[in-house]
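What follows is each chain in one-letter form.
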Amino acid sequence: MVYGHIEFDGDLLDEQILLKSDGYPTYNFANIIDDHTMEISHVVRGNEYLSSTPKYNLIYDAYGWERPTYVHVPPVMKDEKHKLSKRNGDASFQDLVAKGYLPAAIINYIALLGWAPPTEQEIYTLEELIDVFDVSRISRSPAIFDIDKLTWMNGVYLRSMDEDTYFETVRPYLEKAVKGPYSHREIAKIIQPRIDILNQIEEAVDFFDQPGDYDLEMYRHKKMKSTPETALTALKAAREAIAGIQDWTEENVHETLLALPKEMGMKNGQVLWPVRTAVSGKQFTPGGAIEIVHILGKDESLARIDQGIARLEEVLA
């Protein structure tokens, strides 16, 4: 069904051994008997078995049985020269799930390996794949397994989930990573647009329990126009502003911190970058200063900002 009509010169085929000296059948004999007795209609296998198919057909014909329909598919490669092989340590379906990939995303991606859909669509539910899959569109050329493409697709699946479904999906990872008194649901909201693989969650949110041990040079950020000196000024102002918030809501935190840069005659990044650095201790976080400060709460945010101020004052004194 993939390679079309293929002919072999029967005179060039090796003489087949059907029964071994110990009386047991060879694989080439046993698999045919097995397929026939199980009423297998379609045989789907790698194209490396194309050369064996004439031998199998001779046995089907000798018994007077109907030959099955053959679907020989090209191999999935990890690069241009090597096939994927679990024996060589390449990931299986179960391995990918254990690494944080969603089963639905894995199935979607694998279906597109060596098969071309009729449109430019790339994201398919299993039901959609069943409807549109057509063997005639299977390629004859090998397909290279691209983990980056799978990761992208997995991220699309995660970001397309509704809030409740996403929370239930990531909850076990958040419960493992964040033990402090912080809202896992709020954390789930800020990581959804930024996480591609479930196993990225723990490293991305571990700062909620313990801020990273960061280098003070992190306060220097060319794009944000931040330096340790401007960072110290910004942190002191942010500390005073945060301490003055009476009703602790995300909206109030947002309005308070976003008003600071304009009041101080500074760029947004000159204020928000130092705050995010102080409260997280990380170069990259799933969420900005405002979101993180709101989730941490007033007391914890002030404590971390105070520590940042003290460290900067020590080196700038």
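Fair warning: this is a prediction, and the values are worked out from it, not measured in the lab.

## Points about the overall build of the protein chain
- Scanning the protein chain for helices and strands turns up 14 helices and four strands.
- Counting only C-alpha atoms and orienting by the principal axes, one finds that the protein chain spans roughly 90 × 35 × 35 Å.
- In the protein chain, buried positions account for 41% of the 317 residues.
- Considering only contacts in the protein chain between residues 6 or more positions apart, those separated by 24 or more positions represent 69%.
- With an accessible surface of roughly 18300 Å², the protein chain has 51% of that area assigned to carbon and sulfur atoms.
- For the protein chain, the separation between the mean place of its 33 positive charges and that of its 51 negative charges on side chains is 6 Å.

## A few points about helix 14 (residues 298–316)
- Taking 1.5 Å as the rise per residue, helix 14 with 19 residues should run 27 Å; its terminal C-alpha atoms sit 26 Å apart, in good agreement.
- Taken as a whole, helix 14 has its buried residues at Ser-301, Leu-302, Arg-304, Ile-305, Gly-308, Ile-309 and Leu-312. Projection of helix 14 onto a plane perpendicular to its axis shows the buried side chains occupying an angular sector of 165 degrees, all on one side. In helix 14, the exposed positions that point more than 90 degrees away from the buried face belong to Asp-299 and Glu-314.

## Some details on the packing of helix 7 (residues 163–177) against helix 8 (residues 184–191)
- Following both chains from N to C, one finds helix 7 and helix 8 inclined at 110 degrees, their axes separated by 9 Å at the closest point. Classed by the angle they form, the pair helix 7 and helix 8 counts as roughly perpendicular. For the pair helix 7 and helix 8, contact is made by Glu-163, Asp-164, Tyr-166, Phe-167, Val-170, Leu-174 and Glu-175 and by His-184, Arg-185, Ile-187, Ala-188, Lys-189 and Ile-191, respectively.
- For the contact of helix 7 with helix 8, a count of residues per class yields seven nonpolar, one polar and five charged.

## Considerations on helix 2 (residues 53–63)
- Every buried residue of helix 2 is listed here: Thr-53, Pro-54, Lys-55, Tyr-56, Asn-57, Ile-59 and Tyr-60.
- Looking at the buried positions of helix 2, the neighbouring elements they touch are helix 1 (27–37), strand 1 (42–46) and strand 2 (69–73).
- Where helix 2 terminates, the next one or two residues include Gly-64, which has phi positive at roughly 75 degrees.

## Quick notes on the nonpolar core
- Ranked by size, the top nonpolar core spans 73 residues in total, and within it Ile-187, Ile-191, Val-205, Phe-208 and Leu-257 carry the most contacts.
- The biggest single contributor to this core is helix 10 (residues 228–243), with eight residues.
- Other than its neighbours up to four places away in sequence, Leu-257 contacts Ala-238, Ile-242, Leu-272, Ile-290 and Val-293.
- Phe-29, Ile-32, Tyr-56 and Tyr-70 belong to the second largest nonpolar core, which has seven residues in total.

## Here's the deal with the side chain of Thr-151
- Checked against the element boundaries, Thr-151 lands in helix 6 (residues 147–159).
- At 2.8 Å, the side chain of Thr-151 forms a polar contact with the side chain of Tyr-101.

## Brief notes about the packing of helix 1 against helix 2
- Direction vectors running N to C along helix 1 and helix 2 enclose 55 degrees, while the axes themselves pass 10 Å from each other. Taken together, the axis directions place helix 1 and helix 2 in an arrangement best described as oblique. Here the hand of the crossing between helix 1 and helix 2 comes out right-handed. Residues Tyr-27, Asn-28, Phe-29, Asn-31, Ile-32, Ile-33 and Asp-35 of helix 1 pack against Tyr-56, Ile-59, Tyr-60 and Tyr-63 of helix 2.

## Comments concerning the packing of aromatic side chains
- As enumerated under the stated definition, the model contains seven aromatic pairs in all.
- Between the aromatic rings of Tyr-109 and Phe-145, the centroid separation amounts to 5.4 Å while the plane-to-plane angle is 85 degrees, which identifies the pairing as edge-to-face. Pair noted here: Tyr-109 is in helix 4 (residues 103–111) and Phe-145 is in the loop between strand 4 (143–144) and helix 6, with a separation of 36 residues, a long-range link.
- Note on Phe-145: relative accessible area 18%, which makes it buried.
- Residues Phe-207 and Phe-208 carry aromatic rings whose centres are separated by 4.4 Å and whose planes lie at 25 degrees to one another, so their mutual orientation is stacked.

## Thoughts on unusual backbone geometry
- With a phi angle near 60 degrees, Glu-39 is a residue other than glycine that sits in the positive phi range.
- Here Glu-39 is to be found in the loop between helix 1 and strand 1.
- Given the relative accessible area of 71%, Glu-39 is considered exposed.
- One non-glycine residue with positive phi stands out, namely Lys-225, at about 55 degrees.
- Counting through the fold element by element, Lys-225 comes out in the loop between helix 9 (201–205) and helix 10.

## What to know about the pattern of salt bridges
- A complete count under the given rule lists 14 salt bridges for this structure.
- For Glu-202, the salt bridge goes to Lys-176, with nearest N and O atoms at 3.9 Å. In this pair, Glu-202 sits in helix 9 while Lys-176 sits in helix 7, placing the two residues 26 residues apart along the sequence.
- Between Arg-304 and Glu-300 there is a salt bridge whose closest N-O contact spans 2.7 Å. Remark: Glu-300 and Arg-304 occur in helix 14; sequence separation between them is four residues, near one turn of the helix.
- With relative accessibility at 28%, the residue Glu-300 sits in the partly exposed group.
- One network of salt bridges, in which partners are shared, links Glu-163, Asp-164 and Arg-185.

Procedures and definitions
- Throughout, residues of each chain are indexed from 1 in the direction in which the sequence is written.
- Thresholds applied to this predicted model are a pLDDT of at least 70 for local features of residues and 80 or more for the giving and counting of side-chain atom pairs; totals over whole chains, interfaces and linings are not thresholded and use all residues.
- With hydrogens and water excluded, all non-hydrogen atoms of the structure serve as input to the side-chain values.
- We count a stretch as a helix when DSSP gives it H or I for four or more residues in a row; a strand needs E for two or more, and each element gets its number in order from the N terminus.
- We call a residue buried when its accessible area falls under 20% of the maximum for its residue type, exposed when it is over 50%, and partly exposed in between, using a 1.4 Å probe and counting protein chains only.
- We call two residues contacting when some pair of their heavy atoms lies within 4.5 Å.
- In this description, accessible areas are obtained by the Shrake-Rupley approach with a 1.4 Å probe, and a residue is regarded as covered only by the protein chains that are shown.
- Residues counted as positive are Lys and Arg, residues counted as negative are Asp and Glu, and His and the chain ends are not counted.
- For the purpose of locating charges, the reference atoms are NZ of Lys, CZ of Arg, CG of Asp and CD of Glu.
- Take the number of residues in a helix, subtract one, and multiply by 1.5 Å to get its expected span.
- Working definition: the arc comes from the directions between the helix axis and the C-beta atoms, pointing outward to the latter.
- Every axis in this analysis is a line fitted to C-alpha atoms, fitted for helices over the stretch in contact. Angles between the N-to-C directions lie between 0 and 180 degrees.
- Here the word oblique covers every angle except those under 35 degrees (roughly parallel), over 145 (roughly antiparallel) and from 65 to 115 (roughly perpendicular).
- Here the nonpolar group is Ala, Val, Leu, Ile, Met, Phe, Trp, Tyr, Cys and Pro; Asp, Glu, Lys and Arg are the charged ones; every other residue, Gly included, is treated as polar.
- As used in this record, nonpolar core signifies buried Ala, Val, Leu, Ile, Met, Phe, Trp, Tyr and Cys residues forming a set joined through side-chain atoms within 4.5 Å.
- Pairing of N or O atoms within 3.5 Å defines a polar contact, subject to two protein rules: one partner must be a possible hydrogen donor and the other a possible acceptor, and residues neighboring in sequence count only if both atoms are side-chain atoms.
- The crossing is said to be left-handed when, going from far helix to near helix, the turn is anticlockwise and less than a right angle, and right-handed when the turn is clockwise.
- Only Phe, Tyr and Trp rings take part, Trp by its six-membered ring, and two of them pair if their centres are within 6.5 Å. Stacked means planes under 30 degrees apart, edge-to-face means over 60, and tilted covers everything else.
- When a carboxyl oxygen of Asp or Glu is within 4 Å of a side-chain nitrogen of Lys or Arg, the pair counts as a salt bridge.

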